Amino acid sequence: MLRDITLGQYYQTESVIHRMDPRVKLGGTLLFIISLFFFKNFLGYAIAALFLAVVIKLSGVPFKFMVRGMKTIILLLMITVVFNLFLTPGTPLVSFWKLTITIEGAKLAASMAIRLTLLIIGSSLMTLTTTPNNLTDGMEKMLRPLRVIKVPVHEVAMMMSIALRFIPILLEETDKIMKAQIARGADFESGNIFKRAKALVPLLVPLFISAFRRANDLAMAMEARCYRGGEGRTKMKPLKYKKRDYIAYLCILVYMVGSIFVGRLSF
Amino acid sequence: MSMIIDHVNYIYEPGTPHARKALSDICLQIPDGQFVGIIGHTGSGKSTLMQHLNGLIRATEGHIYFNGEDIYDDDYDMKKLRSNVGLVFQYPEHQLFEIDVFSDVCFGPKNLGLDKREVELRAFDALRKVGFPEELFYQSPFELSGGQKRRAAIAGVLAMKPDILILDEPTAGLDPKGRDEILGQIKKLQQETGMTILLVSHSMEDVAEYVDRIIVMNKGSIMYDDIPANVFAHYRELEEVGLAAPQVTYIMHKLREKGLPVDAGATTIEEATEEILRALR
C-alpha cells in the first residue's frame, strides 16, 4: 500500500540519462518546469511532451512506472481541473443548473491538467534516474555559492540524504510492527475515525522509539568515523562534467529557446 | 486440531521487475503438541512461511487448513485464527509500547474482547510462564534488559492462549545464557501445556536439544523434514547450503571414522557422552 509511491523512487537500469551528472538533471528539470509556465498556446505543451517522451525513451524506465506515480496526485489534479472549469469568468460555453463552463475556463482547465501532468512526470523522471545520494550531492554542489551568505549547504544536503535513506527503512519497520500488532489482535481497519486514531498508538510508539534508536546509532557510527561537518571534507567520487553533460545542457538550451518561442506565438 | 499446508506458493510483488519466488510448493502437516524446529538460511523463506500460518500473508497459490477449515474461505474468521496461532516476531521487544509491562501483555487478550478479570488473569499467567520476575511487572518495558524485554514480548503473545505458538528466532541477539534460559522456558512451556510450538532458527545447535522434528528450508522449498538425528545425518549436504549440524554430530562421525563403534545419531551432548561411554566400556 505504502509501496506504490513512485515519487522519490529510483529505478535501476543502465542508460545515458542515469549516467548523466545529477546537476544537469536537476537544472534540466527546473528549467523544464519553468518552461511549462511560459506557454500561451497548446503547441508549446506539445513540444514539451515530445521532449519529455524522448528523454523517457532514452532513460529506459518503463512508462508504466511514471503512471503509477501519477495515481497519488490524481485527486489533486481533479480538484484543480474542476475548479478552473467552473470558476473562470468569461464567455459561457455551456451552462446547467447553477454551473457555467466558459471557453476560457475550459482552456485553462485543460492547460492546467497538461501542465501538472508534465510537471509530475518530469520531476519523477529525475528521481527515477538518479540515486538519492547522487541527487543530494548534485544539490550540494549547485548550492555551494550560497555558503557565502552563511547557508549551511553541506549540513542541509546531509540531512536530506539521511532523510531519504531512512524512508524505505521506516516503511519496512512500519510494516513489521503493524504485522506484529495484528498478530496480537490489533485492528487498524475498522471503527470510526477516533477508534482508528487510537488504534495507531501501538504502531506509532514503537515506530518513534525505533526511529530515535536508529538516529542515535547512526550519529554514533558517524562520529566513530570522525564526521564533523562539511569543513575540509573531500569526496571519493567528486562530480565532474563530461562531454555528454555539455551536450545535454545544449539540448536543454535548444529546447528552452525553441519551445518558449513557439509556445508564446499567438495565432 | 492440526495445521495442514497444501501446495503453497508465494511470489513477492508479482507482475513487477522485483518479482521473486519466496515459497515454492510447500506441503506440510503439523500435528498437535509437536515441537518443530524450522531451520534455514537468511532468505530461505522460513519467516515468510510462518507469516502464512496466521494469515498475515496470503499465499499466491495453495491452501492452508487449520482444524480442517480452509483459512482462505471468504467467511473464515481471521481474528480467531490469529488468537489460535500466536506469532512472536523476530526482535519482538520492538513491538512493546505500553507504559508498563503488565498493560503491554494485556494488549493481546484485551483485543480478543475478554472481560478485565480474564485479561489480567491471562497476563499474569503468561508472565509467570515465561519466568518474568514479579517485581518488574509494573516497570516501563523500555527500562528492562534485552532478555527481560524479550520475555515480556513473548508473554504478550502467550497471553492470547494460542494452540500453536510460532517463535521467529527468539534468541537472536541474546547472550548464550539468555538463549539457554529462553529456550529452556519454551521447552518447559511445551511440556506443561502440550502446546504445538514452531521454533524458527538458523542454528541447528539451538534447536537440536529441544525439538521433536526439524524442517530444513532452502531457497523457498523444503529440503529435509525428519527427526533431528536423521536430518543431521545429512550434515555434508547441510554444509553445502551454508548450514551446519551440531558439533556433536561432527565429533560422533569422526569417532566412527577412527574406528570407535558409536552410533552417530546422538544429537545432544548428554546423548553423545552416554554413547561414547557405552562404546568404550
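Residues numbered from 1 in each chain as written. Chains lettered and ligands numbered in written order. Predicted model: local features only at pLDDT ≥ 70, side-chain atom pairs only at ≥ 80, totals over all residues.

### A short note on the overall build of chain B
Note the following rule: Helix and strand assignments come from DSSP, with helices taken as H or I runs of at least 4 residues and strands as E runs of at least 2, each series counted from the N terminus. Note on method: radius of gyration uses C-alpha positions; expected globular size equals 2.2 Å times residues raised to 0.38. As a rule, residues whose C-beta atom has 12 or fewer other C-beta atoms within 10 Å are exposed, those with 20 or more are buried, and those in between are partly exposed; C-beta atoms are placed from the backbone.
What chain B contains, in helices and strands, is 11 helices and 10 strands. For 281 residues, the compact-globule formula gives about 19 Å, and the C-alpha radius of gyration of chain B, at 20 Å, lands near that figure. When the backbone C-alpha atoms are referred to their principal axes, chain B occupies close to 65 × 50 × 35 Å. Split into buried and exposed, the 281 residues of chain B put 41% on the buried side.

### Description of the overall build of chain A
Scanning chain A from N- to C-terminus turns up 11 helices and 2 strands. In summary, chain A has a C-alpha radius of gyration of 23 Å against a globular reference of 18 Å for 267 residues, an excess of more than 25%. Projecting the C-alpha coordinates of chain A onto the three principal axes gives extents of approximately 65 × 60 × 40 Å. Every one of the 267 residues in chain A was classed for burial, and the buried ones make up 21%.

### Description of the confidence of the model for chain B
How we decide: Known as pLDDT, the predictor's confidence for each residue is given on a scale from 0 to 100.
Of all residues in chain B, 99% attain a pLDDT of 70 or more, and the chain-wide mean is 89. Model confidence for the complex: the whole-complex pTM is 0.75, and ipTM, which rates the interface, is 0.86.

### Some thoughts on the interface of chain A and chain B
Put simply, the rule is: Here contacts are defined at the residue level, using C-beta atoms placed from the backbone and a cut-off of 7 Å between them.
Counting residues at the interface gives 15 residues for chain A and 20 residues for chain B. For the side of chain A that touches chain B, the secondary-structure elements that each account for two or more residues are helix H8 (153-183) and helix H10 (201-224) of chain A. The biggest single contributor to the side of chain A that touches chain B is H8 of chain A, with 7 residues.

### Concerning the sheet that holds strand S1 (residues 3-12) of chain B
Residues and elements named next belong to chain B. This is how it is decided: Only when DSSP finds a minimum of two bridges between them are two strands counted as paired.
A sheet is described by the order of its strands in space; here 4 strands give the open sequence S2-S1-S4-S5, paired in antiparallel fashion. Bordering the open sheet on either side are strand S2 (20-30) and strand S5 (69-70), each of which pairs with just one other strand. Alignment of S1 against strand S4 (residues 61-66), held across 5 bridges, turns out to be antiparallel. Among the inter-strand pairings, Ile-4 is bridged to a residue of S4, identified as Tyr-65.

### Let's talk about the sheet that holds strand S10 (residues 221-226) of chain B
Residues and elements named next belong to chain B. Just so we agree on the cut-off: A fitted line through C-alpha atoms serves as each axis, taken over the contacting stretch for helices, and the angle formed by two N-to-C directions is quoted from 0 to 180°.
Spatially, the 6 strands line up as an open sheet ordered S6-S7-S8-S3-S9-S10, and their pairing is mixed. Single-partner strands in this sheet number two, and they are strand S6 (85-88) and S10. Pairs of neighbouring strands in the sheet enclose a mean axial angle of 15°, with direction left out of account. Lying over the sheet, helix H5 (residues 146-158) contacts S6 and strand S7 (164-168), oriented at roughly 165° with respect to S6.

### Re the domain arrangement of chain A
Residue and element names in this part refer to chain A. Quick note on the threshold: The start and end points of each domain follow an automatic or database-based domain assignment. Under the scheme applied, nonpolar residues are Ala, Val, Leu, Ile, Met, Phe, Trp, Tyr, Cys and Pro; charged residues are Asp, Glu, Lys and Arg; polar residues are all the others, including Gly.
Domain boundaries in chain A define domain 1 (1-130 + 240-267) and domain 2 (133-236). Relative to domain 2, the C-alpha centre of domain 1 lies at a distance of 29 Å. Across the boundary between the two partners, domain 1 contributes 6 residues, which contact 8 residues of domain 2. Residue composition of the side of domain 1 that touches domain 2, grouped by class: 3 nonpolar, 1 polar and 2 charged.

### Observations concerning unusual backbone geometry
Residue and element names in this part refer to chain B. One non-glycine residue, Tyr-91, adopts positive backbone phi at about 45°. One non-glycine residue, Lys-219, lies in positive phi territory at about 50°. When you line up the elements, Lys-219 lands in the loop between strand S9 (213-218) and S10. The class of Lys-219 is partly exposed, set by 15 C-beta atoms lying within 10 Å.

### Notes on the pairing of S9 of chain B
Residues and elements named next belong to chain B. With 5 of 6 residues buried, S9 is to be regarded as a mostly interior element. Judged from the 5 bridges that link them, strand S3 (residues 35-40) and S9 form a sheet pairing that is parallel. Residue pairing in the sheet places Gly-37 in a bridge with Ile-214 of S9. Pairing of S9 with S10 involves 5 bridges; the strand directions are antiparallel. What sits directly across from Ile-215, in S10, is Asp-225. Between S9 and S10, which follow one another and run antiparallel, lie 2 residues, and Lys-219 among them has a positive phi close to 50°.

### Observations concerning the environment of Glu-274 of chain B
With respect to the helices and strands, Glu-274 of chain B occurs in helix H11 (residues 269-280). The spacing of Glu-274 of chain B and Lys-116 of chain B is 158 residues in sequence and 51 Å in space, taken between C-alpha atoms.

### Details of the packing of helix H5 (residues 74-87) of chain A against helix H6 (residues 103-129) of chain A
Residues and elements named next belong to chain A. Selection criterion: Roughly parallel here means an angle under 35 degrees, roughly antiparallel means over 145, roughly perpendicular means 65 to 115, and every remaining angle is called oblique. Should the near helix be turned anticlockwise from the far one by less than a right angle, the crossing is left-handed, and should it be turned clockwise, the crossing is right-handed.
Close contact between H5 and H6 brings their axes to 7 Å; oriented N to C, the two are set at 160°. As summarised for this structure, H5 and H6 are arranged roughly antiparallel, according to the angle between their axes. Crossing of H5 against H6: the hand is right-handed. Facing H5, whose interface residues are Leu-77, Thr-80, Val-81, Asn-84, Leu-85 and Phe-86, H6 presents Gly-105, Ala-106, Leu-108, Ala-109, Met-112, Ala-113 and Leu-116. Looking at the contact of H5 with H6, its residues break down into 10 nonpolar, 3 polar and no charged.

### A word on the nonpolar core
Proteins that are soluble and globular tend to have nonpolar side chains buried together. Operational definition: By definition, a nonpolar core groups buried Ala, Val, Leu, Ile, Met, Phe, Trp, Tyr and Cys residues that connect through C-beta atoms lying within 7 Å of each other.
Counting residues in each nonpolar core, the largest one holds 73 residues, and the members touching the most others are Val-105, Ala-155, Ile-166, Leu-198 and Leu-199 of chain B. In terms of residue count, H5 of chain B provides more of this core than any other element does, 6 residues in total. Other than its neighbours up to four places away in sequence, Leu-199 of chain B contacts Val-36, Gly-37, Ile-38, Leu-167, Val-207 and Val-211 of chain B. In terms of nonpolar packing, the next biggest core, distinct from the first, is built from 18 residues, Val-24, Leu-36, Val-61 and Leu-125 of chain A among them.

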